[in-house]
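# Structural overview
So you can see what is in the structure, the chains are spelled out below.
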Amino acid sequence: MSSSTIGPAQDDLFDRRPLSFDPGLKRNRSNRLLTGVAGLFAAIAILPLVLVIFHVLVQGGRLLTLGLFTELPPPPGLDGGGIGNAVLGTLVVTLVAALVAIPVGVGGGIYLSEYSMGGWFARFVRFGNDVLAGVPSIICGVFVYGAIVASRILFDRSYSALAGGLALAVLMLPTVIKTTDEGLKLVPRELRWGAYGVGASRFVTIVRITLPSAFTPIATGVVLAIARAAGETAPLIFTALFSPFWPESLLSPIATMSVLIFNFAIMPYEAQKALAWAASFVLVVMILIANLLARWFSSIAQR
Amino acid sequence: MTTDSSNDAFTLRRRPAFERFLDIGFRQLTLALASVVALLLLGIFLTIAEGAHEAIATFGARFLVSSAWDPVNNQYGALVAIYGTMVSSLLALAIAVPLGVGTAIFITEDLIPTGLRSAIGLMVELLAAIPSVVLGLWAIFVMEPAIRPALQLLHRLLGWTPFFDTVPQGPGMAPAILILVVMILPIITAISRDALNQVPLELRQAAYGIGSTRWGAIFNIILPAAISAIVGGVMLSLGRAMGETMAVTMIIGNSLNFSFSLLAPGNTISAMLANQFGEASGIQVSALMYAALVLMVLTFAVNVLAQLLVRRLSLRY
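Residues numbered from 1 in each chain as written. Chains lettered and ligands numbered in written order. Predicted model: local features only at pLDDT ≥ 70, side-chain atom pairs only at ≥ 80, totals over all residues. Heavy atoms only, no water.

### Some details on the overall build of chain B
Each helix and strand counted, chain B has 12 helices and two strands in total. Along chain B, helices (α) and strands (β) appear in the sequence α-α-α-β-β-α-α-α-α-α-α-α-α-α when read from the amino end. C-alpha atoms of chain B, sized along the principal axes, occupy 80 × 65 × 30 Å. Considering chain B as a whole, with its 317 residues, one finds that 54% of them fall into the buried category. Residue pairs at least 24 apart in sequence account for 73% of intrachain contacts in chain B once pairs closer than 6 positions are excluded. For chain B, the accessible area works out to roughly 13,900 Å², and carbon and sulfur atoms hold 66% of it. Of the side-chain charges in chain B, 16 are positive and 16 negative, and the distance between the mean point of each set is 7 Å. (Helix = DSSP H or I, 4+ residues; strand = E, 2+ residues; numbered from the N terminus. Buried < 20%, exposed > 50% of the residue type's maximum accessible area, 1.4 Å probe, protein only. Contact = heavy atoms within 4.5 Å. Areas by Shrake-Rupley, 256 points an atom, 1.4 Å probe, with all protein chains shown as cover. Lys, Arg positive; Asp, Glu negative; His and termini not counted. Charge placed at Lys NZ, Arg CZ, Asp CG, Glu CD.)

Laid out in structure tokens, this is it:
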């Protein structure tokens, strides 16, 4: 039917012809087939997420008790206990990282977007920042090990919470710089001109006008960077090490949830495996909440 | 400084010395903070090179082609780990690229309703946020037992090739590759999606206007227009895959013996670092630093290449 409606092309090339869709054509069949393949690929891509979240919620969620957050992990072979020290340790180490990376990153980002005017130095720093973002996290760990742990530069202490926090700060820094740079670029130039026009100095303009109006994109990036740092393990294994006790000071080894998962997953005891799942649950829930928070943040900013 | 106009505006009134001081001081402060990036890169390189110096002097280039890793006799060679790093990341890439680009096409090309599209996009992004160590835990206790029958079948069918000639018994190269696929899929998907979204609407409309089907337009017009950004994203994820540590360390088996078989336990540079650094001493630390230097040079090269690709070739039509 479809082929009969199309007349010979030469005499009525510019006439209106009824359009028709023949699902049996080879091109339409392959179109459907490829759509199916792409859908299948998308399903395969989501499958691991669903499975991981399901297992973490089920295996870890049923271990959720108050004691989990208030007790120390049991000695190998014994039952019970919690991951209180690791939860606290993760917060401490991440806080140290944030306190170092946010001022440095925001400051560097301000220079790139407000002062540099696209000179060679700014281009070099942006390039270096992208390269730094691609440095494997374990390399950051090796670097901090060599620079701080092995050299015993911190009051002659070796493994410490501070070293772990600094390693995470190195990982966070590129993200913070990038989001600050991009966030400040979004601020309209008229806003700055307005501030200059009423006699504000450069410093006042940046601190009182430009930074506040770029607050949401910067905060979104910072929240994402913190969430990522909180889940990092590799740089902590030989900088913060691990400790089965409550944190003593910033200069002694400290427990973190991610290293606890790594250490306990391969232990042959059921209690340790259970705690590893419980720690995964707490960590994943924390990180997913931070991510959704960041998305909510940026959706507010776009309104 | 090219901000002549704004500087003129400042000079119209006499600025107090304190205000000038604050302006200049703040500028210098942010300049110093921006150079932290450069100092860090230099510091990372120098620290690792300094640490590796002893092993480089002792083993030289032999380190790269020898598979002897023997802490008792102080003989070190990183061939097993280097081979494992390359094989695991390249094979993971080979699986993840079609999956990731296919997913990106699925969620950008109007094949499904908008709500479902953003839901899939959100889920893939959340997958990127799950810590590597949690994926490793899942890989040990859930994924590896689940896929072992399939791997055993593979061994029975293809056991005569050197790539499948060991009986799979738990951790090994194949599960590590699969978990790497899970880890780099979100990156490839996100970057491909952004690249595809940037292809101008006119280009698509022109393609449909001359009567091509949806997939005809995708293969002949849209993908070629976005290809350089996609290739850049693929390179970035290759760098990520080579440096990925925790999930791989937990599932790859950390073998120090060389094997072509994908079903046998293997090793990667990052897994070796994660496993041995804490307990190493003496020249072993130096040998590990040497391995770290190799990893760093590899990822550095891949990342710089990716940056150049993204910058030089970005969206030309």
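Now, onward.
### Observations regarding the nonpolar core
The nonpolar side chains of a soluble globular protein tend to be buried with one another. The biggest cluster of nonpolar side chains holds 193 residues, and the ones touching the most others in it are I83(A), I139(A), F63(B), V134(B) and F277(B). Among the elements that take part in this core, helix α12 (residues 283-312) of chain B stands out by supplying 15 residues, more than any other. Not counting residues within four places of it along the chain, the set of residues in contact with I139(A) comprises I44(B), I48(B), A292(B), L295(B) and M296(B). (Core = buried A, V, L, I, M, F, W, Y, C linked by side-chain atoms within 4.5 Å.)

### Structural notes on the side chain of N303(B)
Summarising the element assignment, N303(B) is placed in helix α12. The exposure class of N303(B) is buried, given its relative accessible area of 3%. Among residues more than four places away in sequence, those in contact with N303(B) are G134(A) and L236(B).

### Brief notes about the pattern of salt bridges
Side chains bearing opposite charge may pair, as long as their charged atoms lie close to each other. Under the definition given, this model contains eight salt bridges over all chains. Between E125(B) and R295(A) there is a salt bridge, with its nearest N and O atoms 2.6 Å apart. A residue pair is termed interchain when its members come from two chains, as with E125(B) in helix α5 (residues 114-129) and R295(A) in helix α13 (residues 270-302). Ionic pairing is found between R148(B) and E144(B), a salt bridge with its closest N-O pair at 2.9 Å. With R148(B) and E144(B) both in helix α6 (residues 132-158) and four residues apart, the pair spans about one turn of that helix. One network of salt bridges, with partners in common, ties together R295(A), E125(B) and R193(B). (Salt bridge = Lys/Arg side-chain N within 4 Å of Asp/Glu carboxyl O.)

### Section: the packing of aromatic side chains
By the definition in use, this model includes 16 aromatic pairs over all chains. With a centroid separation of 6.4 Å and an interplanar angle of 65°, the aromatic rings of Y115(A) and F26(B) are classed as edge-to-face. Of this pair, Y115(A) sits in helix α4 (residues 84-115) while F26(B) is found in helix α2 (residues 17-59), placing the two residues in two different chains. Under the relative-accessibility criterion, Y115(A) is labelled buried at 3%. Ring centres of F258(B) and F260(B) lie 5.3 Å apart, and the angle between their planes is 85°; on these two criteria the pair is classed as edge-to-face. In this structure F258(B) comes out as partly exposed when scored by relative accessible area, which is 34%. You can call F260(B) partly exposed: its relative accessible area is 45%. (Phe/Tyr/Trp six-rings, centres within 6.5 Å; stacked < 30°, edge-to-face > 60°.)

### Quick look at the interface of chain A and chain B
Taken together, the contacts link 80 residues of chain A with 78 residues of chain B. Interface area, chain A with chain B, both sides summed: about 7,100 Å², of which 81% is carbon and sulfur. Between chain A and chain B we count one salt bridge in total. Scanning the region where chain A abuts chain B turns up eight residue pairs in polar contact (both at pLDDT 80 or more). Take the side of chain A that touches chain B: its biggest share by element is 20 residues, from helix α2 (residues 26-61) of chain A. (Buried area = accessible area lost by both parts, 1.4 Å probe. Polar contact = N/O pair within 3.5 Å; in protein donor to acceptor, adjacent residues only side chain to side chain.)

### A few points about the environment of T35(A)
With respect to the helices and strands, the residue T35(A) is situated in helix α2. For T35(A), a relative accessible area of 23% gives the class partly exposed. Those residues in contact with T35(A), other than ones at most four positions away along the chain, are F106(B), L111(B) and W215(B). Among the polar contacts listed, one links the side chain of T35(A) to the side chain of W215(B), at a separation of 2.9 Å.

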